[in-house]
Number of protein chains: 4
Amino acid sequence: MPGIKILNDPIYGFIMVPKGLILDLVDHPWFQRLRRIKQLGLGCYIYPGAVHSRFHHALGVFHLATQAIEILRQKSHPVTREEAEAVTIAALLHDVGHGPFSHVLEHSLVPLEHEKLTLWIMEALNEDLKGRLDLAIEIFKGNYHKSFLCKLVASQLDLDRMDYLNRDSFYSGVVEGTIGYHRLLTMMDVEEGKLVFEEKAGLSIENYLGARRLMYWQVYMHKTSVSAENMLQSLLARCKQLQLNRFASPALEYFIALDRHLDWKSQTEYLLNQFQKIDDTDVEMFLKCCQYADDPMVSFLAKGLIQREFFKVEVLDKAIDEESLLKRKHMCIEQLGWHVDEANDLVQLNKIDFNAYEKGDQEIWIRTKKNEIVPASEILSLQHLSNVESRYYLCYPKATGLGKLS
Amino acid sequence: MPGIKILNDPIYGFIMVPKGLILDLVDHPWFQRLRRIKQLGLGCYIYPGAVHSRFHHALGVFHLATQAIEILRQKSHPVTREEAEAVTIAALLHDVGHGPFSHVLEHSLVPLEHEKLTLWIMEALNEDLKGRLDLAIEIFKGNYHKSFLCKLVASQLDLDRMDYLNRDSFYSGVVEGTIGYHRLLTMMDVEEGKLVFEEKAGLSIENYLGARRLMYWQVYMHKTSVSAENMLQSLLARCKQLQLNRFASPALEYFIALDRHLDWKSQTEYLLNQFQKIDDTDVEMFLKCCQYADDPMVSFLAKGLIQREFFKVEVLDKAIDEESLLKRKHMCIEQLGWHVDEANDLVQLNKIDFNAYEKGDQEIWIRTKKNEIVPASEILSLQHLSNVESRYYLCYPKATGLGKLS
Amino acid sequence: MPGIKILNDPIYGFIMVPKGLILDLVDHPWFQRLRRIKQLGLGCYIYPGAVHSRFHHALGVFHLATQAIEILRQKSHPVTREEAEAVTIAALLHDVGHGPFSHVLEHSLVPLEHEKLTLWIMEALNEDLKGRLDLAIEIFKGNYHKSFLCKLVASQLDLDRMDYLNRDSFYSGVVEGTIGYHRLLTMMDVEEGKLVFEEKAGLSIENYLGARRLMYWQVYMHKTSVSAENMLQSLLARCKQLQLNRFASPALEYFIALDRHLDWKSQTEYLLNQFQKIDDTDVEMFLKCCQYADDPMVSFLAKGLIQREFFKVEVLDKAIDEESLLKRKHMCIEQLGWHVDEANDLVQLNKIDFNAYEKGDQEIWIRTKKNEIVPASEILSLQHLSNVESRYYLCYPKATGLGKLS
Amino acid sequence: MPGIKILNDPIYGFIMVPKGLILDLVDHPWFQRLRRIKQLGLGCYIYPGAVHSRFHHALGVFHLATQAIEILRQKSHPVTREEAEAVTIAALLHDVGHGPFSHVLEHSLVPLEHEKLTLWIMEALNEDLKGRLDLAIEIFKGNYHKSFLCKLVASQLDLDRMDYLNRDSFYSGVVEGTIGYHRLLTMMDVEEGKLVFEEKAGLSIENYLGARRLMYWQVYMHKTSVSAENMLQSLLARCKQLQLNRFASPALEYFIALDRHLDWKSQTEYLLNQFQKIDDTDVEMFLKCCQYADDPMVSFLAKGLIQREFFKVEVLDKAIDEESLLKRKHMCIEQLGWHVDEANDLVQLNKIDFNAYEKGDQEIWIRTKKNEIVPASEILSLQHLSNVESRYYLCYPKATGLGKLS
């Protein structure tokens, strides 16, 4: 098609990328880099089909944004050509600040939140593009006066979540994560400047929130996935501590050396330059080499990760007491021969909280049949989704596994 | 389920892996390594969803083998427990000898065919397992006296092809590649020791062969994919020539240094040991680093690959004459400043042949309604699939692209 | 396949029906009759794809029963050949007593519950078959001592519900009704003689119950569907009252004449004989002819149904008061010219109750990780599904619609 | 959505019908009548899922027309609002002249081609609508000067065929019929006033033609389906001959009485009036009643159809000789006791021809990479699809089956 580049997507059929600014952004190394970042980090160890990239997800959100704009226009809400472009760009770039393995290393290797990095990158691109991303940045930051445009990109029922539920459930094969995204899109509207959904979409919204909760516990926080992530985080923490970087790529070396208490402001540009260079590849390559590291803890963890010998995990409804935890650590010391400090790092109790729906300021808005605009929690059955659920993941090395590895 | 490990597959639902020998093989580092080898090599540059691994494909073939055995047994063909296990193992391991990016580097980086490596690996595993893979190896080699079991694993209508068509079409979104694998499986039978298909499956077989042809030209030999593969092969050839390995992992270093004229026999073990260590990661990491190599050709090719600035490709029905080819090379010399020899490597004319169906010894066998066993080509409409189709791919650097890169 | 008849199913691929008793039942006129009964009655007026038959659904439940038996056997629960056959027959025949338009006319045209009719038909078949259905009948009645086999056929998480959710969501296109039936099947087990599900299936069970609730309100009790059903029931009630049967087929004539206070026992055989003859066709044909009936109410309702001019519906959270209802009736009298009694029948307030999950005796049983058997409500998040939800549907003729029709 | 009515479609997600003229046509009794005509006639006896209606198919073609127009406009081909409406109306109504069981009774019960009836109905509607369908009729007749608009509605690669392949393969579960309709739509263009496809779509076009051929033989002309159709045609011919209409609805009675040599012109209006009243229901109801008819041939055929005891069919590559045919007839006379004339009607040899692709005037046009417009047969691999394939279906009553029935 003239003026359009077509990309295949097994979920939506075809994604149409207009030539010009948007295709230039897709072709930009910053965006192409997302090809090398898996959407679900280590999740493919549990769901072998879930190897899809953040690149494809970002294109998916872009695609949904194009559709949403079209629907809102059909409902007579004026969206200018500039606004439409800005929303789709914000959708496209919303995850561009993700580091290797997406969320896994967000607070360890790269000690910054990905949203902050996304913003810095958008600003850097904007400078090159002489301000053509001004509006997209406003929308990404949630500052644009037409708040409904911002909510498409970030809210409790945004296009990001719609795409990732569609995509993660498709690639993992967890069909229970299926949502009626088509229906949700069609039921979108704008009222008093707010993004609202027609009451007729009520059951679909409940289903969407339920699907997200299911995916959260079944896929994103699958116990084996959490175990693998813990191991990876421990390994990188240890490397930072020992300044062990013999096998690291130059960019990864930079991040291992990076001081958490750095004054970011002063060296944003250099940091971004390095950040652009790392992706899953650097970490995977490093892991593979670390199997042969001298430090026994590092090689122990690396072997476990590469050969899929993950720590054992118990999922608990409540925290275990200090004493039980200590007992585990002692077992670890005795059976596996680690030191006290090391056992401390290897035996971990993670508390994981999840709130499928947050009441308060950021509610999803519903237009009732009587044309009133009310928060979703008022008329939908969301009570069971509005409480924080907490689970405790106790991870520790398997004695048997160890035997094999050493 | 007791005695069974369940794996999610978006295509077949669940794959059931019996604990014991088979799960041990799945968990073995040799097999886990396939997680890091993309089924379609560089194909995901064209079809962004096609990032699925050879690991998942191998499990898929294993799954189909389990189903095929069950169907043959229901049709009263005795398959012993040992034979069943051996067939499913041969199915599982049939691709274990694939190197980085599957077929792409088969004849450049690792100068051996993947089938040979698969066999060596199976033999190495068999030694560890004290002969428990003897029968699987017989079947893989096609030597077992019950030839129909061998044909399930390797023939013109085998489980390998069924799974890869299912899987590649699913992940790429090229729905035209859909085949009726369920129907094909159900129509399998054994007659005079041969694997045969009932005549009722005739249209499904024609459709299967047509789908394979379509996937061949549309996906596997997509012109952009061929261009990327040429670039990657050229880059590695150059590195071998210059012995440029500064950024390579130790295992990759070994293969760059490897002499094509080596006496394999003498060092199979060492070679396998190194081979086990390389996968897509090593090559991707190397590529990323090569962007900053001193050699201008290497950095030129690496940048093109990482930033998705591939060479231009023209697909032709017949070879172009020497003169035209020379003209292109000269353009390359003049516009881009390469030397004569270099231009020689960068401007390539590849002839690609494809035969969707081969008549002769290896025909698909059909049991007609009159209970005669005849080769498929005799009663199906296969004439148009039985001729070799040839296409010529002319690849050369884009002047404009270059400008951007340098 | 020898000994097996294969039927295509877009949901499960192939359904394998063993020749012999089971295929004979499938081929029996009693069962073939289900081809002419739409699974969702008038639901296809709202979801045009949902024209699938109860015949296909019954085959689907049969298929799932075959799979469930296989899974239980793999988990070392002995199921004899006879039991397996009986369970799959009970699954196959569980709906054989459904009358025209499934549930719609269950309490008006045929004044008996379909379960009772199913039982009578199974008993009649059993007599012909000289007792070969004895065990299937025991299981259908829930009396067989291995209660887990009975629960496969009828319980809060039975194969019937799994298939109808799969099927109704597939054909209607309401993707939110998708359930993880494959996972549910795999997580089935037997403990202390009870059918139990592993705790790992918890999220899938919650999702299944949520999907059923969604389908209930969105599809089965869609307001337009309820409106159409009301109209059909009113029409048939009127015909019964007036003994209007001029256009009815002989079998339909019998049911129109049927006295509600009949002594069933004495004429079961004759009733069954007539029942076997009616299906959707009789009622549809009758409806079409009733458009030209002399009675204005009958023709009014028939035209509305055939030409898709349904009554208006308002869905309310609570009952409206008598006065408002009376007002509607008066409007109906004034604007449309009906008599008081007629308006009484045309303006209806239906209360519809739904309980997505019933606590108490009939709970779904869960085996916890600690190997305890507990009711699902104790450890899953089911509170919001355990209360009866009530909605009120107020249906009344549209003034405008009428104008067109008369 | 304001101004739009949304219909669920499991294939395309949602179909958007604009209120106004188009929704009025959808709501019109002429169009609603298509709900009661199964797309595949008796095909659901073989593929139990294939019970979808011509109503849904017509909406599907309408949907594709909307998409095609949008794509052509994006490619800068001006399509006026009036033209767009007319094309989508022509797509919507293209099958409105289909009688009961679609093609089955086209030349027996209603002795007119459905295209002719479609035209008459469109003209009748146009009169009511005071000429608002003028343009749609021009397009339907293929007379409109922008021929590419006509070709969307009727050609060798039109939207009708795309939808029915999509839909019939979806509902029957014959996945081999899957086509890349999304790709085909996207590759459409207009050149020199012609509807053309880009050469890049070549493989998809070959696949589409192959899929149509497969569906033709596997589904549309499935031997059991042909057998059932023969029986139905014989039954109705016999009823016409005997003027047996005791159980027929008034409209069906009219068609049974209809004289083939009637002067249509003089009573088009009355004929259409009756035609509007018959659909599958009339014929099914009639069939059910005919089981109890006095004429033994009629009851024999009716019982066979209702109880799914179809005639035996042999599919042959060439015609059998007169003598063999006669022998069959004699067997029929002897074993089943039919008279000579009757046996003549019951034993039938049908020759069925199919041409998957027609060369000549009506070719699909391709725009080559060099921007030349050539017929598809010139550059695609269509030779094997361009010859007429003939099969002979020999149908005759089963002796055994008969035993059961009488």
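Calculation criteria
- Residues numbered from 1 in each chain as written.
- Chains lettered and ligands numbered in written order.
- Predicted model: local features only at pLDDT ≥ 70, side-chain atom pairs only at ≥ 80, totals over all residues.
- Heavy atoms only, no water.
- Helix = DSSP H or I, 4+ residues; strand = E, 2+ residues; numbered from the N terminus.
- Contact = heavy atoms within 4.5 Å.
- Areas by Shrake-Rupley, 256 points an atom, 1.4 Å probe, with all protein chains shown as cover.
- Lys, Arg positive; Asp, Glu negative; His and termini not counted.
- Charge placed at Lys NZ, Arg CZ, Asp CG, Glu CD.
- Axes fitted to C-alpha atoms, helices over the stretch in contact; angles between N-to-C directions.
- Parallel < 35°, antiparallel > 145°, perpendicular 65-115°, else oblique.
- Left-handed = near helix turned anticlockwise from the far one by under 90°.
- Nonpolar A, V, L, I, M, F, W, Y, C, P; charged D, E, K, R; others polar.
- Pairing = 2+ DSSP bridges.
- Salt bridge = Lys/Arg side-chain N within 4 Å of Asp/Glu carboxyl O.
- Buried < 20%, exposed > 50% of the residue type's maximum accessible area, 1.4 Å probe, protein only.
- Least-squares fit on C-alpha atoms with pLDDT ≥ 70 in both.
- Buried area = accessible area lost by both parts, 1.4 Å probe.
- Polar contact = N/O pair within 3.5 Å; in protein donor to acceptor, adjacent residues only side chain to side chain.
- Expected span 1.5 Å × (residues − 1).
- Arc of directions from axis to C-beta.

Caption draft 1: The arrangement of the overall build of chain A in detail. Helices and strands together make up the secondary structure of chain A, namely 19 helices and 9 strands. Along the first, second and third principal axes, the C-alpha atoms of chain A reach 70 × 50 × 40 Å. In chain A, of all internal contacts separated by at least 6 residues, the share reaching a separation of at least 24 is 71%. Accessible surface, chain A: about 15700 Å² in total, of which carbon and sulfur atoms supply 48%. In chain A, 46 side chains carry a positive charge and 55 a negative one; their mean positions are 4 Å apart.

Caption draft 2: Expanded view of the packing of helix 4 (residues 81-93) of chain A against helix 6 (residues 134-141) of chain A. Residues and elements named next belong to chain A. Packing of helix 4 against helix 6 leaves a shortest axis separation of 8 Å and a crossing angle of 60°. For the element pair helix 4 / helix 6, the angle class is oblique. Classified by chirality, the crossing of helix 6 by helix 4 is right-handed. Counted together, Glu-82, Glu-83, Ala-86, Val-87, Ile-89 and Ala-90 of helix 4 and Leu-135, Ala-136, Ile-139 and Phe-140 of helix 6 form the full contact between these two elements. Taken together, the residues of the contact of helix 4 with helix 6 sort by class into 8 nonpolar, no polar and 2 charged.

Caption draft 3: Structural detail: the pairing of strand 3 (residues 188-191) of chain C. Residue and element names in this part refer to chain C. Relative to strand 4 (residues 194-198), strand 3 runs antiparallel, the two sharing 4 bridges. In the sheet register, Val-190 faces strand 4, and the bridge partner there is Leu-195. Taken together, strand 3 and the strand that follows it, strand 4, pair antiparallel across an intervening segment of 2 residues, in which Glu-192 is found at a positive phi of about 50°.

Caption draft 4: Summary view of the pattern of salt bridges. If you walk through the whole model with that rule in mind, you get 80 salt bridges over all chains. Here B:Asp95 makes a salt bridge to B:Arg54, at a shortest N to O gap of 2.6 Å. Placement of B:Asp95 in the loop between helix 4 (81-93) and helix 5 (114-128) and of B:Arg54 in helix 3 (residues 54-74) is noted, with a sequence separation of 41 residues between them. Taking relative accessible area as the criterion, B:Asp95 reaches 3% and is therefore assigned buried. Here D:Lys75 makes a salt bridge to D:Glu198, at a shortest N to O gap of 3.3 Å. Here D:Glu198 lies in strand 4 (residues 194-198) and D:Lys75 lies in the loop between helix 3 (54-74) and helix 4 (81-93), a separation of 123 residues in the sequence.

Caption draft 5: Layout of the relation of the copies chain D and chain C. Under the fitted operation, chain D is carried onto chain C by 0.0 Å of movement along the axis and a turn of 180°, and the coordinates agree to an RMSD of 0.0 Å. Such a combination of rotation and displacement between the chain copies is what one expects of a two-fold axis. Looking at the interface residues of chain D, 100% of them are also at the interface in chain C, so both copies use one shared face.

Caption draft 6: Expanded view of the sheet that holds strand 8 (residues 373-375) of chain C. Residue and element names in this part refer to chain C. If you walk across this open sheet you meet the 4 strands as 3-4-7-8, and the pairing is mixed. Among the strands making up the open sheet, the edge pair consists of strand 3 and strand 8. Averaged over all neighbouring strand pairs, the angle between strand axes comes to 45°, with direction disregarded.

Caption draft 7: Representation of the interface of chain C and chain B within the structure. The partner chain B presents 16 residues to the 16 residues of chain C that form the contact. Taking both sides of the interface into account, the surface hidden between chain C and chain B amounts to around 1200 Å²; carbon and sulfur atoms contribute 71%. A per-residue breakdown of the area chain C buries against chain B is headed by C:Met1, C:Phe14 and C:Thr186, which together make up 41% of the total. Across the contact surface, chain C and chain B share 0 salt bridges. Inspection of the region where chain C meets chain B yields 0 residue pairs in polar contact (both at pLDDT 80 or more). Of all elements in the fold, only strand 1 (4-9), strand 2 (13-18), helix 3 (54-74) and helix 9 (181-186) of chain C reach the threshold of two or more residues within the side of chain C that touches chain B. Taken together, the residues of the side of chain C that touches chain B break down into 8 nonpolar, 4 polar and 4 charged.

Caption draft 8: Representation of the relation of the copies chain C and chain B in the model. Superposition record for chain C on chain B: RMSD 0.0 Å, screw rotation 180°, translation along axis 0.0 Å. A symmetric contact is evident, with 100% of the interface residues of chain C recurring at the interface of chain B.

Caption draft 9: Just the interface of chain D and chain C, in detail. On the side of chain C, 37 residues touch chain D, which itself brings 37 residues to the contact. Of the roughly 3200 Å² buried at the junction of chain D and chain C (both faces included), carbon and sulfur atoms supply 60%. Taken together, the links from chain D to chain C amount to 4 salt bridges. Salt-bridge contacts for D:Asp279 lead to C:Lys288; the nearest nitrogen and oxygen are separated by 2.8 Å.

Caption draft 10: A look at unusual backbone geometry. Residue and element names in this part refer to chain B. One non-glycine residue, Ser-76, adopts positive backbone phi at about 70°. Mapped onto the fold, Ser-76 is located in the loop between helix 3 and helix 4. On the basis of relative accessibility, which here comes to 60%, the residue Ser-76 falls in the exposed class. A positive phi angle, near 55°, is found at Lys-130, a position not held by glycine. Within the secondary structure, Lys-130 sits in the loop between helix 5 and helix 6 (134-141).

Caption draft 11: Representation of helix 16 (residues 322-336) of chain A in the model. Residue and element names in this part refer to chain A. For helix 16, which comprises 15 residues, the first-to-last C-alpha distance of 21 Å matches the rise-based estimate of 21 Å (1.5 Å per residue) to within 8%. Buried within helix 16 we find Leu-325, Lys-329, Cys-332 and Leu-336. Buried positions in helix 16, seen along its axis, are confined to an arc of 65° and lie on one side of it. Exposed residues pointing more than 90 degrees away from the buried face of helix 16 are listed as Glu-323, Lys-327 and Glu-334. Positive phi appears at Gly-337, one or two residues downstream of helix 16, with a value of about 80°.

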